[in-house]
Amino acid sequence: PRLARILLTGAAGGLGKVLRETVRPFAEVLRLSDIASMAPAAGPHEEVIPCNLADKAAVDALVQGVDAILHFGGVSVERPFEEILEANIRGVFHIYEAARRHGVKRVVFASSNHVIGFYGQDQQLDAASLRRPDGYYGLSKSYGEDMASFYFDRYGIETVSIRIGSSFPEPQNRRMLSTWLSYDDLTQLIGKALFTANVGHTVVYGMSANRDIWWDNRLACHLGYAAKDSSEPFRAKVEAQPAPAADDPAVLYQGGAFCAAGPFD
Ligand code: 15L
C-alpha cells in the first residue's frame with residue numbers, strides 16, 4: 001500500500017533523519033518539516049516546508065493536502081515547561097486541528113516511554129496501565145495521547161500512538177537492553193500504524209524483540225507488529241560498561257535518567 005502524500009514533522013531530528021529515508025516507500029510524496037534547517041534540500045518525491053509547530057496558521061498550511069501525518073516534531077528531551085508547552089502541547093493541538101480542518105484521517109504520534117517513566121524496571125505494563133509521566137516532556141506526550149483519543153472520539157481521526165522506547169543505532173546502556181527499538185522495527189511499526197484499518201486510537205509500545213521486556217503489546221495485536229531485531233547481540237558490549245549504583249534512576253525506573261531531570265529554576 002502507498003499513500004499519495006505523507007507529512008513527516010521533526011524531519012531534521014534524530015528519528016526524522018532516519019525516517020526520511022525509510023518511510024519513502026509508504027508515499028508518492030513525502031512532505032518534510034522541521035523548525036531547524038534541513039539538509040539536503042528536497043530530493044525527488046520530497047517537499048521541504050520549514051514550520052514552527054507553535055504557529056497555528058503555519059501548521060494549518062503545512063497539513064493541507066496530505067493523507068497522513070507522522071508527528072515526530074517537538075522537543076524530544078526533558079526541558080522547562082514553557083519550552084514543552086510551545087512545541088509539544090500547543091504543537092500537537094495545532095496538528096490535530098489542522099488534520100480536522102483538512103480531512104486528514106490518520107496520524108502516527110511519536111509518543112514515548114516517558115509517559116510511564118516512573119514505573120520501576122521490575123514492573124510489567126500494557127497499554128491500559130495508568131500513566132506515570134516522568135517530567136514535563138512525558139506529560140506532553142501523555143497529553144498528546146489524550147488529544148489523539150479525543151480527536152478520534154469526536155471527529156473520527158485515527159491515531160496510533162507509539163510509545164517509543166529508545167530508538168538509536170544500538171542500545172547505549174543497560175536500560176536500553178529492554179527499551180531498544182531498532183530503526184527497521186520502528187519503520188515496520190510505522191507501516192502497520194499507517195495501513196492497518198480501524199485502529200481508533202491504539203497505543204503500542206515501540207520496542208524490538210528484546211530478551212527482558214517490561215511492556216506487553218497484546219492490546220495492540222491488531223496492528224500485526226512483529227519485531228525482528230533484538231538488543232541481545234549488544235549485551236556483552238553494554239555489560240562491559242561500569243555498572244551503575246543500585247539506586248541510580250538509570251536502573252531503577254523505566255524512564256531512566258529522565259526521572260532525575262530538573263528542577264529548572
Ligand atoms: C525519548 O523519549 C527521547 O526522545 C530519546 O532521546 C531517548 O532518551 C528515549 O526517550 C529513551 O528513553 O531512551
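Because the structure is a prediction, the values reported are computed rather than measured.

Enquirer: Could you clarify how one ought to interpret the sheet that holds strand β4 (residues 68-71) in this entry?
Expert: Sheet strands line up and pair through hydrogen bonds in the backbone, either parallel or antiparallel. With parallel pairing, the seven strands of this open sheet are ordered in space as β3-β2-β1-β4-β5-β7-β8. Among the strands making up the open sheet, the edge pair consists of β3 (46-48) and β8 (201-206). Taken pair by pair, the neighbouring strands of this sheet meet at an average axis angle of 20°, ignoring direction. Direction of pairing for strand β1 (residues 3-9) relative to strand β2 (residues 27-33): parallel, over a ladder of six bridges. If you follow T9 over to β2, its bridge partner there is S33. The strands that helix α2 (residues 56-63) touches are β1, β2 and β4; relative to β2, the one it contacts most, it runs at about 165°.

Enquirer: Would you mind showing me how to read the nonpolar core here?
Expert: Most often, soluble globular proteins keep nonpolar side chains buried together rather than apart. Counting 31 residues, the largest nonpolar core has I6, L70, F72, I162, I164, I190 and L194 as its most contacted members. For this core, the secondary-structure elements that each account for two or more residues are β1, α1 (14-22), β2, β4, β5 (106-112), β7 (158-164) and α6 (183-195). Counting residues per element, this core draws most heavily on α6, at five residues. Not counting residues within four places of it along the chain, the set of residues in contact with L194 comprises L3, I6, F26, A68, L70, R106 and V108. L7, V59, V107 and F109 belong to the second largest nonpolar core, which has 20 residues in total.

Enquirer: What is the right way to look at the packing of aromatic side chains in this model?
Expert: The way to describe two aromatic rings as a pair is by their centre distance and the angle between their planes. Under the definition given, this model contains 12 aromatic pairs. Their ring planes at 35° and their centres at 5.3 Å tell us that Y96 and Y151 sit as a pair that is tilted. Remark: Y151 occurs in helix α4 (residues 136-155) and Y96 occurs in helix α3 (residues 81-102); sequence separation between them is 55 residues. Pairing Y151 with Y155 gives two aromatic rings, centres 5.4 Å apart and planes at 35°, and the pair type is tilted.

Enquirer: Got a minute to help me understand the site of the ligand in this structure?
Expert: Around the ligand, the neighbouring residues are S76, S112, N113, H114, Y137, G165, S166, F168, R175, M176 and F258. The contact in question runs from an oxygen atom of the ligand to an N or O atom on the backbone of S76, over 2.6 Å. In the model, an oxygen atom of the ligand is placed 2.6 Å from a nitrogen or oxygen of the R175 side chain. Across the complex, the protein chains shield 81% of the 320 Å² of accessible surface that the ligand would expose by itself.

Reading the values: rules and limits
Residues numbered from 1 in each chain as written. Predicted model: local features only at pLDDT ≥ 70, side-chain atom pairs only at ≥ 80, totals over all residues. Heavy atoms only, no water. Pairing = 2+ DSSP bridges. Helix = DSSP H or I, 4+ residues; strand = E, 2+ residues; numbered from the N terminus. Axes fitted to C-alpha atoms, helices over the stretch in contact; angles between N-to-C directions. Contact = heavy atoms within 4.5 Å. Core = buried A, V, L, I, M, F, W, Y, C linked by side-chain atoms within 4.5 Å. Buried < 20%, exposed > 50% of the residue type's maximum accessible area, 1.4 Å probe, protein only. Phe/Tyr/Trp six-rings, centres within 6.5 Å; stacked < 30°, edge-to-face > 60°. Near = heavy atom within 4 Å. Polar contact = N/O pair within 3.5 Å; in protein donor to acceptor, adjacent residues only side chain to side chain. Areas by Shrake-Rupley, 256 points an atom, 1.4 Å probe, with all protein chains shown as cover.

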